[in-house]
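The primary structure of each chain is shown beneath.
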Amino acid sequence: MDIPVLLLPLGVSFLIAVLLGPLAIPLLRRLKFGQQVRSDGPQTHLKKAGTPTMGGIIILLAAAVSFLRYAEYTAPFWVLLTAMLGFGLVGFLDDSIKIAMKRSLGLTARQKLLGQLLVGAVICVILYLAGHDTRLAVPGTDISFDLYLFYYPFVILMFMAVGNAVNFTDGVDGLLSGTSAIAFAAFAIVALRAAEPEAAVFSAAMIGAVLGFLVYNAHPAKVFMGDAGSLGIGGGLAAVAILTKTELLFIVIGGIFVIEMLSVVLQVASFKLRGKRIFRMSPIHHHFELGGWSEWKVVTMFWAAGFLFAAAGLMLNGAV
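Let us look at the structure shown here. Quantities reported herein were computed from a predicted structural model and do not represent experimental measurements.

The subject of this paragraph is the overall build of the protein. Helices and strands together make up the secondary structure of the protein, namely twelve helices and two strands. Each helix (α) and strand (β) of the protein, taken in turn from the N terminus, gives the series α-α-α-α-β-β-α-α-α-α-α-α-α-α. Its C-alpha radius of gyration of 19 Å places the protein within 12% of the 20 Å reference for a compact globule of 320 residues. In terms of principal-axis extent, the alpha carbons of the protein reach across some 50 × 50 × 35 Å. Looking at the 320 residues of the protein, the share that counts as buried comes to 52%. Expressed as a percentage of contacts within the protein between residues at least 6 apart in sequence, the contacts between residues at least 24 apart total 75%. Summed over its atoms, the accessible surface of the protein is roughly 14,300 Å², and 70% of this surface lies on carbon and sulfur atoms. Measuring between centres, the 22 positive side-chain charges of the protein sit 13 Å from its 17 negative side-chain charges.

In structure tokens:
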């Protein structure tokens, strides 16, 4: 399998997402699935209140249909599908509660983490039964070490960390759609080198789906993906990294997501320990917004940084 072969699942998922947009967006609006905006966030976001959310179902449907069509139904296939749809379901429940209760917060943090833990546990069972390699490789070196059974708790923690890191990145029109497309493109190349065809096809399908969604999510957004989309994307990214045995390389390729999560962790820790905030607001993309950057400037700068992180990851992987 090579890159041209991946253009078909990418193109199909892109086309499905683009065609679903005009059908799903009016339906979400009629159902009053409008975004609830935090009053303590950037004031420019207040005008976004009521914009249809839960548009992540467009991404999940487009990617799933394309993946089902072009992938072989092997163990990696079920890992990838379970990760995307399982995490997407947790996000869907979170979005549903936000909409029903008309508030900006849905599931509690504990409920959300429990749902992610359960999905991660199911995936660990699939990996164990498939005899998945339990070694971790250090990027850019020949060093690896075997975690044995401790690998599976690591996998669960990785799913939860990546899922939430990607979720934190969603918050500005087009930001997550673009950065995730870049990350999936890098992992598609990694998957080809690792001879993991299902991971490569899945990555291509996700690229097409998020780019198709970006047609409607670019500033000014006509629809938001919600947690259904962001958690589904996060679960998919984690699954691809695990299947290609580049778990630690995600820290580089997904550098934008790592920085977004660290900004939240540091902000909370600083406020609890010192009573002071490090950033104007976290996640860090809001810090730049409150500093006067336009949404488009934030998005393009983060896309550029995401591209650099992806390139650095491919260099470490030996792909370029």
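In this structure the tally under the stated criterion is 15 aromatic pairs. Seen from their ring centres, Phe184 and Phe202 are 6.1 Å apart, and the 75° between their planes marks the pair as edge-to-face. Note that Phe184 is positioned in helix 6 (residues 175-193) and Phe202 in helix 7 (residues 197-217), a separation of 18 residues in sequence. The exposure class of Phe184 is buried, given its relative accessible area of 0%. Among the residues examined, Phe202 registers a relative accessible area of 0% and is labelled buried.

Further remarks concern the pattern of salt bridges. Close approach of charged atoms allows side chains with opposite charge to pair. Under the defined criterion, the tally for this structure stands at six salt bridges. Linking Lys98 and Asp94 is a salt bridge whose minimum nitrogen-to-oxygen distance equals 3.4 Å. Placement of the pair is Lys98 and Asp94 together in helix 3 (residues 75-101), with a separation of four residues, close to one helical turn. Put simply, Asp94 and Lys112 hold a salt bridge, and the shortest N to O gap is 3.3 Å. A residue pair is termed long-range when its members are at least 10 positions apart, and Asp94 in helix 3 and Lys112 in helix 4 (residues 109-129) qualify at 18 residues. Looking at Lys112, the relative accessible area reads 13%, which means it is buried.

It is worth spelling out the packing of helix 3 against helix 7 at this point. Between helix 3 and helix 7, the least distance of the axes is 9 Å, while the angle of their chain directions is 30°. The angle between the axes of helix 3 and helix 7 places the two elements in the roughly parallel class. Crossing handedness for the pair helix 3 and helix 7: right-handed. Contacts between helix 3 and helix 7 pair Pro76, Phe77, Leu80 and Met84 from the former with Glu198, Ala199, Phe202 and Met206 from the latter. For the contact of helix 3 with helix 7, the per-class residue count stands at seven nonpolar, no polar and one charged.

Let's shift gears to helix 4. With 21 residues, helix 4 extends 30 Å between its outermost C-alpha atoms, agreeing within 8% with the 30 Å of an ideal straight helix rising 1.5 Å per residue. Looking only at helix 4, the buried set comprises Lys112, Gly115, Gln116, Val119, Gly120, Ile123, Cys124, Ile126 and Leu127. Buried positions along helix 4 lie against helix 3, helix 5 (151-169) and helix 8 (226-243). Positive phi appears at Gly131, one or two residues downstream of helix 4, with a value of about 70°.

Judged by nonpolar contacts, the single largest core of 87 residues is most densely connected at Phe159, Ile233, Leu237 and Phe257. Excluding residues within four positions of it along the chain, Phe159 makes contact with Ala83, Phe87, Ile123, Gly235, Ala238, Ala239 and Ile242.

Further remarks concern the packing of helix 6 against helix 12 (residues 295-317). As a packed pair, helix 6 and helix 12 sit with axes 9 Å apart at the nearest point and diverge in direction by 10°. Here helix 6 lies roughly parallel to helix 12, going by the angle between them. Like other packed secondary-structure pairs, helix 6 and helix 12 cross with a definite hand, here right-handed. The residues of helix 12 that touch helix 6, namely those facing Leu175, Gly178, Thr179, Ile182, Ala186, Ile189, Val190 and Arg193, are Val299, Phe302, Trp303, Gly306, Phe307, Ala310, Leu314 and Asn317. Broken down by class, the residue content of the contact of helix 6 with helix 12 amounts to eleven nonpolar, four polar and one charged.

Here we come to a nonpolar patch on the surface. Taken together, the side chains of Val125, Tyr128, Leu129, Tyr148 and Leu149 make up a nonpolar region of the molecular surface, amounting to roughly 630 Å² of accessible area. If you trace the backbone, Tyr148 turns up in the loop between strand 2 (144-146) and helix 5. We classify Tyr148 as exposed; its relative accessible area is 57%.

This part is about unusual backbone geometry. Across the junction of His219 and Pro220, the peptide omega takes the value -5°, indicating a cis bond. Turning to its location among the elements, Pro220 is positioned in the loop between helix 7 and helix 8. That bond from Ser282 to Pro283 is cis: its omega, 0°, falls within 30 degrees of zero. Turning to its location among the elements, Pro283 is positioned in the loop between helix 10 (255-274) and helix 11 (284-290). In this model, Met54 sits at a positive phi of 70°, which is unusual for a non-glycine residue. By the secondary structure assignment, Met54 is in the loop between helix 1 (3-30) and helix 2 (56-70). The phi angle at Tyr148 is positive, at roughly 55°, despite the residue not being glycine.

Rules and cut-offs
- Positions within a chain are numbered from 1, following the residues in the order the chain's sequence is written.
- In view of the model being predicted, local features appear only for residues whose pLDDT reaches at least 70, and side-chain atom pairs are presented and counted only at 80 or more, with totals across whole chains, interfaces and linings using the full set of residues.
- Where side-chain values are given, they derive from all heavy atoms of the structure, hydrogens and water being excluded.
- Comment: elements are numbered from the N terminus, with helices defined as DSSP H or I runs of at least four residues and strands as E runs of at least two.
- Our radius of gyration looks at C-alpha atoms and nothing else; its globule reference is 2.2 Å times the residue count to the power 0.38.
- Relative accessibility decides the category of a residue: with a 1.4 Å probe and only protein chains considered, values under 20% of the type maximum give buried, values over 50% give exposed, and everything between is partly exposed.
- Contacts between residues were defined by any pair of non-hydrogen atoms, one from each residue, lying within 4.5 Å.
- For every accessible area listed, the method is Shrake-Rupley and the probe measures 1.4 Å; residues are considered covered only by the protein chains on display.
- Under the counting rule used here, the positive set is Lys and Arg, the negative set is Asp and Glu, and His together with the chain ends is not counted.
- Working definition for charges: the position is that of NZ of Lys, CZ of Arg, CG of Asp or CD of Glu.
- A pair of aromatic rings is counted whenever rings of Phe, Tyr or Trp (Trp by its six-membered ring) have centres within 6.5 Å, and the orientation is called stacked for planes under 30 degrees apart, edge-to-face for over 60 and tilted otherwise.
- Think of a salt bridge as a Lys or Arg side-chain nitrogen and an Asp or Glu carboxyl oxygen that are within 4 Å of each other.
- Simply put, an axis is a line fit to the C-alpha atoms, just over the touching stretch for a helix, and the angle between two N-to-C directions goes from 0 to 180 degrees.
- Throughout, the term roughly parallel applies to angles under 35 degrees, roughly antiparallel to angles over 145, roughly perpendicular to angles from 65 to 115, and oblique to all others.
- Each helix crossing is assigned a hand: it is left-handed if the near helix lies turned anticlockwise from the far helix by less than a right angle, otherwise right-handed if that turn is clockwise.
- When residue character is reported, Ala, Val, Leu, Ile, Met, Phe, Trp, Tyr, Cys and Pro are called nonpolar, Asp, Glu, Lys and Arg charged, and the others, Gly included, polar.
- Here the expected span of a helix is defined as 1.5 Å times the quantity of residues minus one.
- Nonpolar cores were defined as sets of buried Ala, Val, Leu, Ile, Met, Phe, Trp, Tyr and Cys residues, with membership established by side-chain atoms within 4.5 Å.
- Patches here are clusters of residues that have more than 30% relative accessible area and form no salt bridge, with a 9 Å joining cutoff for like charges and a 5 Å cutoff for nonpolar side chains (Val, Leu, Ile, Met, Phe, Trp, Tyr).

Function cannot be inferred from these measures alone, as they are strictly geometric.
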